[in-house]
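Observations on chain architecture
Residue strings, one per chain:
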Amino acid sequence: MTENASAAEPLAADSAIAVVGMSGRFPGAPDLDAYWENLLGGLCSVTDFTEAELIADGADPQEVRGRDHVPAKGHLADADRFDAELFGFNRTEAAALDPQHRLLLQTAWSALEDAGRSPLGGSARTGVYVGGGPTEHMLAAQTDPRLAASIGALQVRILTDREFLAPWVSYRLGLEGPSLTVQTACSTSLTAVHLAVQSLLLGECDTALAGGVAVDTVRKRGYVHQQGGIYSPDGRCRPFDERAGGTVPGNGVGVVVLRRLSDAIADNDPVRAVIRGSAVTNDGATKVGFTAPGVDQQTAAIVEAWAAAGLDPADAQYLEAHGTATALGDRIEAAAATAAFKGALGTGRIGIGSVKSNIGHLDAAAGVAALIKSVLMLEHATLVPNADAGRPHPELGFDDSPFHLVGRATAWPEPEHGPRRSGVSSVGIGGTNVHVVLEEAPRRGDAGRPEAEGAPEVLLLSARTRECLAEVAGRLAGALRAPGAPSLADTAHTLRVGRAPLAVRGYVRAGSRTEAADLLTELASGGAAGLGGPDPLGEAWLAGDPVVREGGGRRVSLPTYPFAGESHGAYRLVPVAPGTPGGEQPEQGGRSADLERDVRALIAEALGLEDADDPEMTYFAAGGDSLTAVHLVGCLRDDFDLDVPITLFLEQLTLHEMARRIVAAQDGDDSLDALLSEFEAE
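Since we're looking at a predicted model, the values are computed, not measured.

**Section: the packing of helix α21 (residues 595-607) against helix α23 (residues 655-664)**
Where α21 contacts α23, the axes come no closer than 9 Å and their chain directions differ by 125°. Regarding the angle of α21 to α23, the classification is oblique. Here α21 runs over α23; the crossing is right-handed. Contacts between α21 and α23 involve Leu-595, Glu-596, Val-599, Arg-600, Ile-603 and Leu-607 from the former and Leu-655, His-656, Met-658, Ala-659, Arg-660, Ile-662 and Val-663 from the latter. Along the lines of polarity and charge, the residues of the contact of α21 with α23 split into nine nonpolar, one polar and three charged.

Here's what the structure looks like:
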C-alpha cells in the first residue's frame, strides 16, 4: 500500500465504493486484456467494411453505394453467440432472446467471477443496475406474427424487450437485491453506476452489478452521413481534435461489480479502484434544444460529484470525457469541464481523452466503457492516448485551460499529494449528465512478495463440458505462470468461493504455482480429472459432493469462464412486399388418428426440440417452464380445440405421456384463463 493511498483510505472508508470486478466486450476486444492492449497502443478498433461484406450481410445495395454512405462501425464480433444451456435456455428461447440479453448475462457472470464471487446465487443482497439500447432484433421479433404464434406474444416480449435486461440477470444468477433497468440514452450505463453506488451507501444491497449493453444489430452495417449531423464523414471519431467531424456508432457491453470499500477490505476482495463520489443532473430547459447539451448542469454534475467525494476537481490528474467529436458537443463539454476544474485553470496539467476515439460511440454502454478504461489506467499507472490524436481544436481554448489532450501513452506519475485520481463524464440525449470520481485502489500489503512455502493446495475446477474444462485449466495455468501471479493459497480459496459448481469437474493438488501450472496444462491436454496425488477434498468434488466453500484467504482476479456457445443468430427487419400476408399461423394437424403425434410436434416446437420422439425426455428436462405452459395451453385450445388443465405441465411427465394425457383431457377448469388471472394478480 502506498503512503498516498493509505493516507486517503480512512477519509474515504465511510462513503467510498470499491470496484472489485469488471468484465466487458468491446470492438476489437473480446476481453479486458485485449481492451487494455488496444488502448495502450492508441489503436482505433472501428471496422471499415467492404461493399461486398455489407451487401452479403443484408445491407441495401443502393444505400451502400450512395455518395454519403460511410462503411464503418465499432463492430462487435460474434455478438450472436450464446452459451444457452449454461443459463437454462432451450434453443427456441435462445434464438428469441435478444443478443443484448445474451451478452449481458455472460458479462455479468464474468464480472462476478473476476470479483472472486460465485455467479450463481453466491452473493446475497446483490443489486443489478443495467441498461441497453433499442435493437433490430427486438423490433423484428415483436412484429413477427409467426414468432408470436410459435412461442406466445408475452414470451416474445419478455425475451426481447430491454426493460427485462436487469430481471433476467437477477433471475438466472439468483441475485435477490434491487433489480433496475436504467434508461438515460447515451449516459445510461454511467447513470446505472451512480444508482448502484447510492444503493450501496443506503444499505439496499451489499454487492451491486452495474453497466450496460448496446447491440443495435449483429450485422455488419455502416451509416449515412448527413451534413450538420452527429456522424463523422470519414468513419473516425476524433474528440477535441482539430480534425473532429462527428462520432461513429459502435456496439459493446460492460459490467462492474461494486461493494462498499469497508466491506471489500474486510472480506479481502480484489479492489481494482475506488469510487469516491458521483452525481447526476439534467439540463432541464436551459439549452437550445432537446437533443443539445448544456454547460451549466454538466458543470454542476462534476462539481457535485467531487464535493460528494470531499475533494476539489483540481485534485484530478485526468478526465475521461464523453467526447463525441461533434462541434457543439465538444465545445460545450470543454466549457463545462473548464468551469468545473477552474482550480487548475491555465496549468494544462490534467489529461483529457475519450474512449470513443478507439471504439466509437457505444450508446447505452458508452459510460461503462469509459469507466473501465479509467480503472485500467489507474491500475497500470498509465495514461493512454486518444486514437490518432492530433492537435486540440483551437476553438476549445485548451491553451488557457486545465487540460491537455493525451496524444501518446505516458506513465501516470504519482501525485505529490494524495493518490492518483480521475473523473469520468457521460452525457445523454435529453440532458442527463453523470460524473464519477475515481481513485486508485489501496495496494495490498504483500503485493509482489515471493510465494511462501506451505502445505499443498487443491485447485477445484468445473465447467459445463469437457472442452470448456480443458480451456478453464489452460487459462488458469497461463495465469499462474504470469508475472505477479496470485499465491497458490489465494487461487485455491478463490476457486472454492468464487466459482459456480458445474457438472464436469477436475482438480489438481500442488505445492507451488509452477507445479500447479504444469498439472493444469496436463489436465488441459486430456489428463486425468484428478492430478498431483489423491486428495479427499478433490475426490469429493469429483463425486459431486458439496464442499466447504468458506475458509481463509483472499479473493483474487483469475481467468473467467470460457463461454462456448454457438451462434443463435438474430431476427431481422424484412420488408414485406405489397399484397403479401403479414404472416401465417404454423400449420397444425386437426382431430385425427395422428392427433397425439401433432401435439408432440407442437410441444417440440415450443421447446426448441428437433423432435419429441425420445420416450424418456420430460417436459422440464427439455427446458419447459410456466410461461411456455401458458402458451401451449392457448395453442392447444385454439388449434386443436383441446381444453387442457395447466397443472398437467407441472407434473414430471415424459413428452409421450404428456401428449397422451392432453389428447385424453376434456375439461379445463384450471386452464389458460385461470393461470392468466393468477399472473395478473401477481
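**Digging into helix α13 (residues 295-308)**
It helps to recall that an α-helix has 3.6 residues per turn; residues three or four apart then point in one direction. The end-to-end C-alpha separation of α13 is 20 Å, in line with the 20 Å expected for 14 residues at 1.5 Å each. Residues Gln-298, Thr-299, Ala-300, Ala-301, Ile-302, Ala-305 and Trp-306 constitute the buried set of α13. The inward-facing, buried residues of α13 contact β11 (273-282), α14 (327-340), β17 (421-427) and β18 (432-440).

**Some words on empty space enclosed by the protein**
Tallying each qualifying case throughout the model produces five cavities of 30 Å³ or more. In this model, the largest cavity occupies a volume close to 180 Å³. In this structure, the largest cavity is lined by 16 residues; those nearest its centre are Glu-113, Ser-462, Val-472, Leu-495 and Arg-499. Broken down by secondary-structure element, the contributors of at least two residues to the lining of the largest cavity are α6 (99-114), β19 (457-463) and α17 (466-481). For the second largest cavity, the calculated volume is near 80 Å³. As for the second largest cavity, its lining consists of Gln-298, Ala-301, Ile-302, Leu-319, Ala-321, Glu-333, Ala-337, Ser-425, Ser-426, Val-427, Asn-433 and Val-434. Put simply, the parts of the chain that give the lining of the second largest cavity at least two residues each are α13, α14, β17 and β18.

**Focus on the side chain of Ser-187**
Position of Ser-187 relative to the elements: it lies in the loop between β7 (179-181) and α11 (188-201). Among the polar contacts made by the side chain of Ser-187, one reaches the side chain of Thr-184 at a distance of 3.0 Å. Within the structure, Ser-187 has its side chain in polar contact with the backbone oxygen of Thr-432 (distance 3.0 Å).

**Some details on the packing of aromatic side chains**
Applying the stated criterion across every chain, the model contains 18 aromatic pairs. Look at Phe-87 and Phe-563: their rings are 6.2 Å apart centre to centre, the planes differ by 35°, and that puts the pair in the tilted class. In this pair, Phe-87 is assigned in the loop between β5 (81-82) and α5 (91-96) and Phe-563 in the loop between α20 (536-542) and β22 (566-567), connecting sequence segments 476 residues apart. Ring geometry for Trp-109 against Phe-563: centres 6.3 Å apart, planes inclined by 75°, an arrangement best described as edge-to-face. Highlighted residues: Trp-109 in helix α6 and Phe-563 in the loop between α20 and β22, separated in sequence by 454 residues. For Trp-109, a relative accessible area of 1% gives the class buried. Judged by relative accessible area, which is 24%, Phe-563 ranks as partly exposed. An aromatic cluster is present here, built from Phe-82, Phe-87, Phe-89, Trp-109, Trp-168, Tyr-171, Tyr-561 and Phe-563 joined pairwise through their rings.

**Examining the pattern of salt bridges**
Here the structure, examined in full by the defined rule, presents 42 salt bridges. The shortest N-O distance in the salt bridge between Arg-272 and Asp-114 comes to 2.8 Å. With Arg-272 in the loop between α12 (261-266) and β11 and Asp-114 in helix α6, this residue pair connects regions lying 158 residues apart in the sequence. Residue Arg-272 is classed as buried on the basis of its relative accessible area, which comes to 15%. Note that Arg-219 is salt-bridged to Glu-136, the shortest N-O span being 2.5 Å. Residue Arg-219 is found in the loop between β8 (207-214) and β9 (223-224), and its partner Glu-136 is found in helix α7 (residues 136-142); the two are separated by 83 residues along the sequence. Overall, Arg-219 belongs to the buried group, its relative accessible area being 11%. Residue Glu-136 is classed as buried on the basis of its relative accessible area of 7%. Salt bridges linked by common partners bring Arg-117, Arg-259, Asp-267, Asp-269 and Arg-555 together as one network.

**Remarks on the pairing of strand β13 (residues 350-353)**
Going residue by residue along β13, you find Ile-350 and Ile-352 tucked away on one face and Gly-351 and Gly-353 tucked away on the opposite face as well. Relative to β13, strand β12 (residues 318-320) is paired through three bridges, and the arrangement is parallel. When the sheet's bridge partners are listed, Leu-319 is paired in β13 with Ile-352. Each parallel crossover has a hand, and for β12 linked through α14 to β13 it is right-handed. As paired strands, β13 and strand β15 (residues 403-405) are joined by three bridges and run parallel to one another. Across the sheet, the residue bridging to Ile-352 is Leu-405, located in β15.

**With respect to the sheet that holds β18**
Taken in spatial order, the eleven strands of this open sheet run β7-β6-β8-β10-β1-β11-β18-β17-β12-β13-β15, and their pairing is mixed. Looking along the sheet, the strands with just one partner apiece sit at the ends: β7 and β15. Strand after strand, the sheet turns through a mean of 25° between neighbouring axes, direction not considered. Note that strand β1 (residues 17-25) and strand β10 (residues 252-260) share eight bridges and pair antiparallel. Paired with Ser-23 across the bridge in β10 is Val-255.

Analysis parameters
- Residues numbered from 1 in each chain as written.
- Predicted model: local features only at pLDDT ≥ 70, side-chain atom pairs only at ≥ 80, totals over all residues.
- Heavy atoms only, no water.
- Axes fitted to C-alpha atoms, helices over the stretch in contact; angles between N-to-C directions.
- Helix = DSSP H or I, 4+ residues; strand = E, 2+ residues; numbered from the N terminus.
- Parallel < 35°, antiparallel > 145°, perpendicular 65-115°, else oblique.
- Left-handed = near helix turned anticlockwise from the far one by under 90°.
- Contact = heavy atoms within 4.5 Å.
- Nonpolar A, V, L, I, M, F, W, Y, C, P; charged D, E, K, R; others polar.
- Expected span 1.5 Å × (residues − 1).
- Buried < 20%, exposed > 50% of the residue type's maximum accessible area, 1.4 Å probe, protein only.
- 1 Å grid on protein atoms, 1.4 Å probe; cavity = no way out; pocket = protein on both sides within 12 Å on 5 of 7 lines; lining within 4 Å.
- Points joined across faces, edges and corners; volume = space filled by probe spheres on them.
- Polar contact = N/O pair within 3.5 Å; in protein donor to acceptor, adjacent residues only side chain to side chain.
- Phe/Tyr/Trp six-rings, centres within 6.5 Å; stacked < 30°, edge-to-face > 60°.
- Salt bridge = Lys/Arg side-chain N within 4 Å of Asp/Glu carboxyl O.
- Pairing = 2+ DSSP bridges.
- Right-handed = clockwise from strand over helix to strand, strands pointing away.

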